[in-house]
Amino acid sequence: MRLLVTGAAGFLGSHTVDRLLAEGHEVIGIDNFITGKREFLADATAAPRFQLILGDLFDFTTVSEACQGVDAVFHLAAHSNLHDSAEFPRRDLDQNVIVTWNVLEAMRRHGVATLVYASTASLYGSNTQAPTPETAGLPIQTTLLGASKLAAEAFITAYAHTYGLRALLFRLATVVGERQSHGQLFQFCRQLRHHPGHLDVPGDPALRHCYLDVADCVDAMLLALGHATAPVELYNVGAPQFCTLADAIAWTISELQLQPAVRYHSSSASLPISPTHQLDCSKLNNLGWRPQTGPEAAVRRTVRYLAAHPSLLAAGC
């Protein structure tokens, strides 16, 4: 197949590109390299079946040209930083809603049949149903990021039913692994690189977290792509095991061989913490999907990678 991956130089995007190439597909990657990293595509750019487009998805002409002649789009580009949403309220609208509409409209005009979309399990918000199935009702969204992801899902489902597209929506737990350039573990490692003697942690040490290794995430998307039949399919993607925030901190400092003074504190309004859900992944499990990496191994792998690539921590994202 000839496949387009948006956000190709990002964390999830670059892993997806590598996997699609390994499976023999022709891949077009598009990225503006504002947060994506060229080094993440080092292996891909050496492959003859890979084409890289330097462009911004906010420009419809660029998106339309990229969609010509492709069989499916993996729309993985997004603004996913919850912490700066309140400071830059337009960013979620532009990068998660407008950009998604651009992709959908370009697909419609060029007859692209299938969309794979990376959404988020944080849409479940304060839902207390455990484990949380895909059919669970969604509460009122209290963050701009959550609102933008929900709006993007709504546009995708509307386009699927109106124009005959096939859409696969994946509500992801916290995905971690090599090439991570944002998120909670990234921030912990960044803090410890700049001041290894102490670590400030927003949140309760007993707070539960669900860390999913990026390879398991890509496995889930590709497996579902081969089985989905309905116009719109929604899948939860999460690890069955939880760990506490204290566990994640312990594994992080152990991997870095540090002994910092750790201070836990309440998160301020400007630093919200997304609730962690025990996701019901039986829909994927019934297709044969099982995560291969547990939370400790996933956290340690992420920390090892960041320690070996200090330039990521120095720059931030």
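What you are looking at is a predicted structure, and each value in this text was computed from that prediction instead of being measured.

**Topic: the environment of proline 260**
- Structurally, proline 260 can be placed in the loop between α8 (245-256) and β13 (261-265).
- Looking at proline 260, the relative accessible area reads 11%, which means it is buried.
- For the pair formed by proline 260 and arginine 171, sequence separation is 89 residues and the distance between their alpha carbons is 34 Å.
- Other than its neighbours up to four places away in sequence, proline 260 contacts Leu192, Pro196, Gly197, His198, Leu199 and Ile253.

**So, helix α1 (residues 11-22)**
- For α1, built from twelve residues, the straight-helix expectation of 16 Å at 1.5 Å per residue is met to within 8% by its first-to-last C-alpha distance of 17 Å.
- Listed in full, the buried residues belonging to α1 are Phe11, Leu12, Gly13, Ser14, His15, Thr16, Val17, Leu20 and Leu21.
- Once α1 finishes, glycine 24 follows within two positions and takes phi at roughly 95 degrees, a positive value.

**Side note on the packing of aromatic side chains**
- Applying the stated rule across the entire model yields three aromatic pairs.
- Centre to centre, the rings of phenylalanine 170 and tyrosine 235 are 5.4 Å apart; their planes meet at 15 degrees, and the pair counts as stacked. One end of the pair, phenylalanine 170, is in strand β6 (residues 166-172); the other, tyrosine 235, is in strand β11 (residues 232-237), and 65 residues separate them in sequence. As far as the burial class goes, phenylalanine 170 and tyrosine 235 line up, both buried.
- A cation over an aromatic ring shows up here: arginine 208 above the ring of phenylalanine 242, its NZ or CZ 4.2 Å from the ring centre.
- We note lysine 283 situated over the ring of tyrosine 235; from NZ or CZ to the ring centre the distance is 4.7 Å.

**Some words on the packing of helix α6 (residues 184-194) against α8**
- Interhelical geometry of α6 versus α8 gives an angle of 45 degrees and a closest axis separation of 11 Å. As far as their axial angle goes, α8 and α6 are oblique. For the pair α6 and α8, the sense of crossing is right-handed. Every residue of α8 that contacts α6 at Gln184, Leu185, Phe188, Cys189 and Leu192 is listed here: Leu245, Ile249, Thr252, Ile253 and Leu256.
- When the residues that make up the contact of α6 with α8 are grouped by side-chain class, the tally is eight nonpolar, two polar and no charged.

Criteria and cut-off values
Residues numbered from 1 in each chain as written. Predicted model: local features only at pLDDT ≥ 70, side-chain atom pairs only at ≥ 80, totals over all residues. Heavy atoms only, no water. Helix = DSSP H or I, 4+ residues; strand = E, 2+ residues; numbered from the N terminus. Buried < 20%, exposed > 50% of the residue type's maximum accessible area, 1.4 Å probe, protein only. Contact = heavy atoms within 4.5 Å. Expected span 1.5 Å × (residues − 1). Phe/Tyr/Trp six-rings, centres within 6.5 Å; stacked < 30°, edge-to-face > 60°. Lys NZ or Arg CZ within 6 Å of the ring centre and 35° of its normal. Axes fitted to C-alpha atoms, helices over the stretch in contact; angles between N-to-C directions. Parallel < 35°, antiparallel > 145°, perpendicular 65-115°, else oblique. Left-handed = near helix turned anticlockwise from the far one by under 90°. Nonpolar A, V, L, I, M, F, W, Y, C, P; charged D, E, K, R; others polar.

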